[in-house]
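# Results of the structural survey
For reference, the chains in residue letters:
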Amino acid sequence: MSHVQLINVTKRFGAVTAVNDLNLKIEKGECFSMLGPSGCGKTTTLRMVAGFEDLSEGEIHVGGRLLSSRTKNWPPEKRDFGMVFQAFAVWPHLSVFENVAFPLRVRGLPVAEIEKRTRDALTSTNLFYSAEESPEKLSGGGKQRVALARALAINPDVMLLDEPLSSLDPHLREEMRFEIRDLQRKYGFSIIYVTHDQAEAMALSDRILVMKLGVVQQIDTPLNVYNHPINRFVFSFIGLSNFLTVTRADFQFQGNALSLPEDMRECETLSLASRPSEIDFCDEGELRGVVARKSFLGEVVDYQIKIGEQELRVQKNRRAPGPDVGENCGLHLLRPFWYEGEN
Ligand code: ATP
């Protein structure tokens with residue numbers, strides 16, 4: 001059996017179905033991210049795994065034990081999961097050491113064990129020399145490390161992380177991502193990570209779940225979610241995306257050039273999806289447009305191309321040659337995706 005297993009889990013708040021028939025298996029030592037727009041049910045799912053929220057339907061098993069069902073909810077403090085949430089949950093009146101040791105004291109562990117686990121967790125999170133300080137003196141990243149150390153000290157099998165880096169600046173966020181991964185390798189726990197930041201999910205995860213309105217859209221590796229998005233929603237949520245509406249009339253006009261998939265030839269209206277980094281400028285090309293705007297973004301140049309009434313973004317390395325504003329250009333889509341219906 002998988003380490004964490006959710007079977008037909010549903011959560012309703014009155015008329016709102018926050019999570020709808022979720023099935024999920026997470027293996028021991030896996031980093032699993034839940035990704036989706038605000039309100040899609042990520043936090044509710046995490047809270048059900050933590051035991052803070054009861055289930056309307058279904059079951060949650062961890063390590064082969066049934067922890068939650070419609071009639072059962074094993075209390076959070078007995079689950080021994082590490083948890084780190086968005087807000088820096090440090091106690092300002094306690095030292096860094098005591099912040100980390102406190103949950104162990106509540107559990108009634110022997111003093112020597114508390115000392116050892118706390119010092120180990122502080123060392124792993126680079127806080128050893130701040131042990132006697134007030135956490136209030138630490139930076140945002142430092143406070144978030146205290147929260148991580150506290151979660152590590154209980155020796156969790158499962159670490160539940162809900163947007164733990166969202167209040168940090170971009171540079172620190174990136175650094176902390178690697179630190180979380182390093183800690184996971186060292187301690188061997190499974191991670192369930194909630195974020196709405198797709199870059200963070202891609203960088204950290206072994207697998208990603210993309211959710212919309214409480215319903216799973218796709219569960220796969222970051223590479224597969226990016227390269228083989230199962231529907232238009234997933235395509236638009238992962239990475240930068242362009243969508244052009246193509247009607248049957250367009251297709252008849254530009255038919256061969258656009259090479260529509262066989263099974264979509266009868267559709268009246270289609271969405272043609274592409275990534276800005278996967279479009280080449282060329283003389284011929286299946287599409288033609290005019291450069292409406294050209295912005296220098298550092299490493300890349302971002303082009304806004306007008307195609308009739310519609311727009312497409314193209315991104316090219318700053319060293320690559322490209323047309324200027326007002327010029328006509330041909331475009332070749334390296335990896336077009338087609339979805340039924342309009343944008
Ligand atoms: P965010 O990224 O904004 O945190 P989320 O994906 O984590 O969003 P949830 O917080 O799980 O989404 O919310 C899912 C849905 O359930 C939303 O429609 C929300 O309004 C609703 N919801 C969550 N908690 C409650 C509650 N305690 N009572 C009523 N409705 C709730």
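Residues numbered from 1 in each chain as written. Predicted model: local features only at pLDDT ≥ 70, side-chain atom pairs only at ≥ 80, totals over all residues. Heavy atoms only, no water.

## A word on helix H3 (residues 111-124)
Put simply, the test is: Under the DSSP-based scheme used, a helix requires at least four consecutive residues in state H or I and a strand at least two consecutive residues in state E, with every element numbered from the N terminus. Expected span of a helix: the number of residues minus one, times 1.5 Å. Each residue's exposure class comes from its accessible area (1.4 Å probe, protein chains only) as a fraction of the maximum for that residue type: buried when under 20%, exposed when over 50%, partly exposed otherwise. Each direction from the helix axis to a C-beta atom contributes to the arc, which is the arc of those directions. Contacts are residue-level and defined by heavy atoms, with any inter-residue pair within 4.5 Å sufficient.
End to end, H3 covers 20 Å across 14 residues, agreeing with the expected 20 Å (1.5 Å per residue, within 8%). Here H3 has its buried residues at Ile114, Thr118, Ala121, Leu122 and Ser124. Projected down its long axis, H3 carries its buried residues within an arc of 160 degrees, all on one side. The exposed set on the far side of H3, more than 90 degrees from its buried face, consists of Ala112 and Lys116. On its buried face, H3 sits against helix H2 (96-106), helix H4 (140-153) and helix H5 (170-187). One or two positions beyond H3, positive phi appears at Asn126, with a value near 60 degrees.

## Considerations on the sheet that holds strand E12 (residues 269-274)
Worth spelling out the cut-off: A pair of strands is considered paired only if DSSP assigns at least 2 bridges between the two. Between N-to-C directions, angles cover 0 to 180 degrees, with each direction set by a line fitted to C-alpha atoms, over the stretch in contact for helices.
Read across the sheet, three strands follow the order E11-E12-E18 without closing on themselves; strand pairing throughout is antiparallel. Both edges of this open sheet fall to strand E11 (242-247) and strand E18 (337-340), since each of them pairs with a single strand only. The mean inter-strand angle of the sheet, taken between neighbouring strand axes irrespective of direction, is 30 degrees. Sheet topology places E11 next to E12; six bridges connect them, and they run antiparallel. In the strand pairing of E12, Val246 is matched with Leu270.

## Some remarks on the site of the ligand
Which entries qualify depends on this criterion: Residues are labelled near a given molecule or strand when at least one of their non-hydrogen atoms is within 4 Å of it. Polar contact criterion, stated in full: a pair of N or O atoms within 3.5 Å, where within protein one must be able to donate a hydrogen and the other to accept it, and residues adjacent in sequence count only if both atoms are side-chain atoms. Computed by Shrake-Rupley with a 1.4 Å probe, the accessible areas treat only the displayed protein chains as cover when residues are assessed.
If you check the shell around the ligand, you find Phe13, Val16, Ala18, Pro37, Ser38, Gly39, Cys40, Gly41, Lys42, Thr43 and Thr44 and nothing else. A distance of 2.7 Å separates an oxygen atom of the ligand from a polar backbone atom of Gly39. Isolated, the ligand exposes 630 Å² of accessible area, and the fraction of that covered by the protein chains is 57%. Every element with two or more residues in the shell around the ligand is listed here: strand E2 (16-26) and helix H1 (42-50). It is H1 that provides the largest number of residues to the shell around the ligand, a total of three residues.

## Observations regarding unusual backbone geometry
For Asn8, which is not glycine, the phi dihedral falls at a positive 45 degrees. Its place among the elements puts Asn8 in strand E1 (residues 4-13). Phi is positive for Leu213, close to 45 degrees, though the residue is something other than glycine. Topologically, Leu213 is positioned in the loop between strand E9 (207-212) and strand E10 (215-220).

## Examining the packing of H2 against H4
Selection criterion: Throughout, the term roughly parallel applies to angles under 35 degrees, roughly antiparallel to angles over 145, roughly perpendicular to angles from 65 to 115, and oblique to all others. By definition, any crossing whose near helix is turned counterclockwise from its far helix by less than a right angle is left-handed, and any crossing with a clockwise turn is right-handed. Polarity classes work like this: nonpolar for Ala, Val, Leu, Ile, Met, Phe, Trp, Tyr, Cys and Pro, charged for Asp, Glu, Lys and Arg, and polar for all others, with Gly in that last group.
Their axes nearest at 8 Å, the elements H2 and H4 cross at an angle of 30 degrees. The pairing of H2 with H4 is recorded here as roughly parallel in orientation. H2 and H4 meet at a crossing whose hand is right-handed. Contacts from Val96, Asn99, Val100, Pro103 and Leu104 of H2 reach H4 at Val146, Ala149, Arg150 and Ala153. Here the contact of H2 with H4 is composed, by residue class, of seven nonpolar, one polar and one charged.

## Focus on the packing of H3 against H4
Where H3 contacts H4, the two axes come as close as 9 Å, and the packing angle between them is 135 degrees. Taken together, the axes of H3 and H4 lie oblique to each other. Along this stretch, H3 crosses H4, giving a crossing that reads as right-handed. Mapping the contact onto sequence places Arg117, Ala121, Leu122 and Ser124 in H3 and Ala149, Leu152 and Ala153 in H4. Its residues assigned to classes, the contact of H3 with H4 shows five nonpolar, one polar and one charged.

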